[in-house]
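Chain and residue survey
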Amino acid sequence: MNHSEKKCLSSVDAMKPVRFFYTIASLIIYLFLFAGYSHAADPSGSNFRLPQEAPPVLGCWFWLERDFEAEGYRDFIDLVNEHSLYNMLTASVRAPLKEVTDKEVHDQIQRAAKYAMERGISVVMDLDVRLSRRAFQSLYPDELQQMLILREAGFVGEEDLQVEIKSRDLNDHYTSRTTHYIPLQGELMRVYSYHRNEQGVDPATLRDVTPDCRIVEQSSERVKVEIPWRPDSSGRTVCVMAAFTHLTPDVFAPHLLPFQRRILRDYQDVPLAGACKDEWGFPPCFDGNPAKDEFWYSAHRAEEYAQISGGRELLFDCLLMSKGVQGREQERIAAVNHFMKMSWRRNGAIEQDFYAAVKEILGATAVVATHPTWWPYPDSREFKKNGLDWWIAKRDWAQTDETTPFSVRTALAKKWNSPVWYNMYYNEKKSAYDSSVWTHALAGGRINYHPIYPRSGSIFERSRELLEEDLVRAESRVRLLNFISAAPLDCPVAVVFGHACAMNWAGPSYEDVGMDLVNALWRAGHPADLIPSSEIAGGYLRVMDDGWIQYGPQRYSAVVFYHPEFENSSTSRFFQQAARGRSSLFRMGEWTRDFEGKPIDGESNLPASMMKCEDIPSLASAVCRALKEKGIEPQTPAVNQLQGFAPASSCSPTEGFCRLIDGTIIWIAGRQNVSGDAIQKTFRLHGHEVKIDAVGVAAVRLDRQGRLEALAAGSLQHFQIQGCEISLNPPIDLALWRDAAGEFHGAVQNLRGPLPPSLRTITNDWIILELPSPPAD
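In this report, we go over the structure that sits alongside the text. This one's a predicted model, so the numbers in the text were calculated from it and none came from an experiment. Numbering of residues starts from 1 in every chain and runs along the sequence as written. Whole-chain, interface and lining totals are the exception, using all residues; otherwise, since this is a predicted model, local features are given only for residues with pLDDT of at least 70 and side-chain atom pairs are given and counted only at 80 or more. Derived side-chain values reflect all non-hydrogen atoms in the structure, with water molecules and hydrogen atoms excluded from consideration.

**Considering the sheet that holds strand β23 (residues 554-556)**
A pair of strands is treated as paired once DSSP finds two or more bridges between them. Numbering of helices and strands starts at the N terminus; helices are DSSP runs of H or I of at least 4 residues and strands are runs of E of at least 2. Strand order in the open sheet formed by 3 strands is β21-β22-β23, and the pairing between neighbours is antiparallel. Every other strand in the sheet has two partners, leaving β21 (541-543) and β23 as the edge strands with one partner each. The average angle at which neighbouring strand axes cross in this sheet is 30 degrees, direction not considered. Strand direction decides the pairing type here: strand β22 (residues 549-551) and β23, joined by 3 bridges, are antiparallel. Directly across from Q550, in β23, lies its bridge partner R555. We call two residues in contact when some of their heavy atoms are within 4.5 Å. Note on geometry: axes are C-alpha line fits, over the in-contact stretch for helices, and angles between N-to-C directions span 0 to 180 degrees. Here helix α19 (residues 569-578) sits on the sheet and contacts β21 and β22; the angle it forms with β21, its principal contact strand, is near 45 degrees.

Next comes the structure, spelled out in structure tokens:
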């Protein structure tokens, strides 16, 4: 270990107030989770799985036609039961023309859940309304989602003008093997005529010419309209606005939430561990609509828009937002802000109601899964999908998918007070999982194992390949951390981005949430949480009584306010209060207008002590200097990159160490061998020497007096601190933790022979885990 690593570990002493809180909290959690655990094997006779009270090992189960055959579900459950570590499956129907409101679907899920439960495997089923679109349509045909499309055209000569707008067949992971979000009907909404230039529409020439037009065709495929030529038509532009109704519930539908609850009530008699809502939001838009000429629309949304905007009409404001009108720039800014905030607020409300409904209907301990992230990057595609509502989409554990930036994953862990975060991960190569299991663990995360994708072959075979011995052995070592992890990764920096500014294409910093800064900090070894400014107004990002800015359990030594344009006075009050506290404050970007687009003096709204930087390198350097002055030393730099879908973002490597909020130090080593590399470390923690010899995983937490609080290690051969030494030959996977009364409890894995007497001297309370055999070729 180099000098900086030693300093980093000893720097945990600078976190004593936080550690004291987490020492008490951790002990309470351990007592609650494990003190009453029965060590009986699961009903199948194997003991491969973690106790239900621990954060689970997650796997995905996608139901195809074979799963709906008589006892067809048994093949996958038997595979999981006999050859995997999964103790919870997040399941979703992907079979054609099957809806979760169908009785035969309900009954098959009921049989499958019971069969899995008998084998110690929990099933969390996707019961989202998008899996019952035909049922919703039959009940509420006037509450389906519409897409409003704007198309411009100009007159040629003295001929009448015909404009045709074609509908679009929309498709995503829910619909790829069944009926898409097909267009059902088109409707002409309005036609405008005007002169325009680069500055936008000339308001003096703008007029509604809808009554003059002749509808040629209105169908599910197209809307065609004829606009008559007039003597003054030369040089004028026509904008035709057509709405297409699609086969999916309107996000603003009045009956959407009651219908969702009805589905959940239909499954009260099924032994499910919970329910999933995956990637909720409007139908997909894979390019974010850079032309800004398509808007998610409905009469219900238009009505709500009028209420929140002081009586404005949504149809006209869609023209304003899309094309701009000269002299009405302030109105355009306000219109975009209100429109996007509507998306964020409504989608978040649906997510929150789903969470509450699952708890009310399926039980207080029912799990709410999976991830709210759709396009796994905070850009225009996700803005259009859900208003970037990830931070208000409540889950029992922080959950993301694919290549969602680590800074988002760790922030969500703080929001939901989740000791670990889960990322539903897939790749076309099994080798990518081999490395990701370690990179996830080094940032406080775990994989929710999605079948290998995209690749040919059945889902069953692509799931089966993930159960090869080396990857299962790696996961078995990582899961030891689930016994002792009671706090998420320590991220001493928060990057708070202006939520409205990032989503407003009429503003100065569209699509810029600060990822370049976040990446620079992670590469410097200072993990940073990415948080939208809407979390300030929501009361979740707070200035505590002791003067620190805090988000869930995370106390921040430094906070960066990134692009504050369009913020409101509540944000100003927050940072004025924070300036009197202990977190170092920074900002980048100007603040010249409020949420309504009105000019303001932003400089006076922010504290003078908040350091302003003009570029990312100088800002990242300033933050790192501030952390050093506070005694916060780097963790292992995040030198790897997540690639695919969107711009690359920084992520942890496959070896190194990290620090949890409660002071736990975790060493990870999986660079050379899939199942784990040797870890032989001597370091100081709170001034006390620690020696450890293990494989793959080695995690230690000491109390303020240097006494052992928790230990987890793969193939532990030797561990030593003052007053405690453990030597094992042969090595054993081991986890050890104290409860609130100070008593030790333990778990061992891959034990060959009886439990060593030396471990019996520590405690008689041991969970003994086995490892499954790999499936036959």
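**A word on the pairing of strand β2 (residues 88-93)**
Exposed residues in this analysis have more than 50% of their type's maximum accessible area, buried residues have under 20%, and partly exposed residues fall in between, with area computed by a 1.4 Å probe over protein chains only. With respect to burial, β2 is a largely interior element, 6 of its 6 residues being buried. Burial of the side chains of β2 extends over both faces: M88, T90 and S92 are buried on one face and L89, A91 and V93 on the other. In terms of strand pairing, strand β1 (residues 58-63) meets β2 through 6 bridges, oriented parallel. Paired with F62 across the strands is S92, a residue of β2. Crossovers are marked right-handed if the path from the first strand over the helix to the second runs clockwise, as seen with the strands pointing away from the viewer. Regarding topology, helix α3 (residues 74-83) serves as the crossover connection from β1 to the parallel β2, and that connection is right-handed. Taken together, the 4 bridges between β2 and strand β3 (residues 122-126) define a ladder with parallel strand orientation. Along β3, the bridge assignment pairs M88 with S122. Read as a crossover between parallel neighbours, the route from β2 over helix α4 (residues 103-117) to β3 is right-handed.

**Topic: the packing of helix α11 (residues 406-415) against helix α17 (residues 515-523)**
In the contact formed by α11 and α17, the axes pass within 10 Å of each other and the chain directions differ by 85 degrees. With respect to each other, α11 and α17 are oriented roughly perpendicular. When α11 is examined against α17, the residues F406, S407 and T410 are found in contact with a partner set consisting of M515, V518 and W522. Residue type decides the class: Asp, Glu, Lys and Arg count as charged, Ala, Val, Leu, Ile, Met, Phe, Trp, Tyr, Cys and Pro as nonpolar, and the leftover types, Gly among them, as polar. A per-class count over the contact of α11 with α17 returns 4 nonpolar, 2 polar and no charged. An angle below 35 degrees is treated as roughly parallel, one above 145 as roughly antiparallel, one from 65 to 115 as roughly perpendicular, and anything else as oblique.

**A closer look at empty space enclosed by the protein**
Empty pockets left among the atoms are what a rolling probe the size of a water molecule brings to light. A pocket, in this scheme, is an open set of points on a 1 Å grid over the protein atoms alone with protein on both sides within 12 Å along at least 5 of 7 lines, while a cavity is a set where a 1.4 Å probe fits but cannot get out; residues line either one if an atom lies within 4 Å of a point. Grid points are joined across faces, edges and corners, and a volume is the space filled by probe spheres set on the points. Taken as a whole and assessed by the stated rule, the structure comprises 8 cavities of 30 Å³ or more. Counted as a void, the largest cavity has a volume near 150 Å³. Secondary structure elements with two or more residues in the lining of the largest cavity: β14 (294-297), α9 (329-362) and α10 (380-386). When its residues are assigned to classes, the lining of the largest cavity shows 9 nonpolar, 4 polar and 4 charged.

Keep in mind these numbers describe shape, not what the thing actually does.
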